Amino acid sequence: FSDASHTTGMMSPDYTAPERLDKNMARKSKETDVYSMGVSVCQLFTGQTPSPRKRMDQIQRIQQRNVRLLCNRMVADEPDRRPSAGDGLAAIGSIRATDDYNGCPPRRMVKGKLDGVQHVTLTDQMW
């Protein structure tokens with residue numbers, strides 16, 4: 001995400017890490033990308049548009065425990081508490097390989113979207 005995006009102005013606060021919204025710390029990083037990936041995964045498994053004010057409530061609605069735990073880690077307010085980008089991708093890959101999609105959008109759609117997250121990340125060789 002960070003290397004693929006060369007925008008310097010407008011960002012969607014729904015997907016943007018808190019430190020990116022702070023003008024004193026507005027630099028893109030792998031940690032901010034991990035945050036955005038976590039928001040995207042949360043949206044896939046809840047079917048809801050992300051909302052910064054309701055983020056933790058949305059994550060708690062995810063029925064799959066491993067996905068819920070991953071999202072909690074990926075959207076941690078403190079960047080150093082988030083998993084590395086490589087660990088985040090590996091976790092997404094293992095989630096994608098499971099068949100535990102109860103209570104979320106259709107399985108094929110979720111797997112396809114997770115493939116897209118992995119593909120964009122790996123294609124851009126950011127990590």
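What comes next concerns the included structure. (Residues numbered from 1 in each chain as written. Predicted model: local features only at pLDDT ≥ 70, side-chain atom pairs only at ≥ 80, totals over all residues. Heavy atoms only, no water.)

Quick look at the overall build of the chain
The following threshold applies: A run of H or I in DSSP becomes a helix once it reaches four residues, and a run of E becomes a strand once it reaches two; helices and strands are each numbered from the N terminus. Burial classes: relative accessible area under 20% of the type maximum marks a residue as buried, over 50% as exposed, and values in between as partly exposed (1.4 Å probe, protein chains only). We call two residues in contact whenever any of their non-hydrogen atoms come within 4.5 Å of each other.
Tallying secondary structure elements over the chain gives six helices and zero strands in all. When the helices and strands of the chain are listed from N to C terminus, the series reads α-α-α-α-α-α. The proportion of buried residues among the 127 residues of the chain is 40%. Contacts spanning at least 24 positions in sequence make up 54% of the contacts within the chain whose residues lie at least 6 apart.

What to know about the environment of Val67
By the secondary structure assignment, Val67 is in helix α4 (residues 65–74). Separated by 26 residues in the primary sequence, Val67 and Val41 have C-alpha atoms spaced 8.1 Å apart. Look past the residues within four positions of Val67 in its chain and what remains in contact with it is Val41, Phe45, Ile62 and Ile95.

Digging into the packing of α4 against helix α5 (residues 85–97)
Selection criterion: Only the contacting stretch of a helix is used when fitting its axis, a line to C-alpha atoms as for every element, and angles between N-to-C directions run 0 to 180 degrees. An angle below 35 degrees is treated as roughly parallel, one above 145 as roughly antiparallel, one from 65 to 115 as roughly perpendicular, and anything else as oblique. Working rule for handedness: look at the near helix, and if it is turned counterclockwise from the far one by less than a right angle, call the crossing left-handed; if clockwise, right-handed. Under the scheme applied here, ten amino acids are nonpolar (Ala, Val, Leu, Ile, Met, Phe, Trp, Tyr, Cys and Pro), four are charged (Asp, Glu, Lys and Arg), and all others, including Gly, are polar.
One way to put it is that α4 packs onto α5 with a least axis distance of 11 Å and a crossing angle of 160°. By the angle between their axes, α4 is roughly antiparallel relative to α5. For α4 against α5, the interelement crossing comes out left-handed. Taking contact as the criterion, the partners of Asn66, Val67, Leu70 and Met74 in α4 are, on α5, Gly88, Ala91, Ile92 and Ile95. The residue makeup of the contact of α4 with α5, split by class, is six nonpolar, two polar and no charged.

Topic: the nonpolar core
To be explicit about the condition: Take the buried residues of types Ala, Val, Leu, Ile, Met, Phe, Trp, Tyr and Cys, join any two whose side-chain atoms come within 4.5 Å, and each joined set is a nonpolar core.
Counting residues in hydrophobic clusters, the biggest one holds 20 residues, and the most contacted among them are Phe45, Val67 and Cys71. Elements represented by at least two residues in this core include exactly α2 (30–46), α4 and α5. Here this core takes eight residues from α2, the largest share from any one element.

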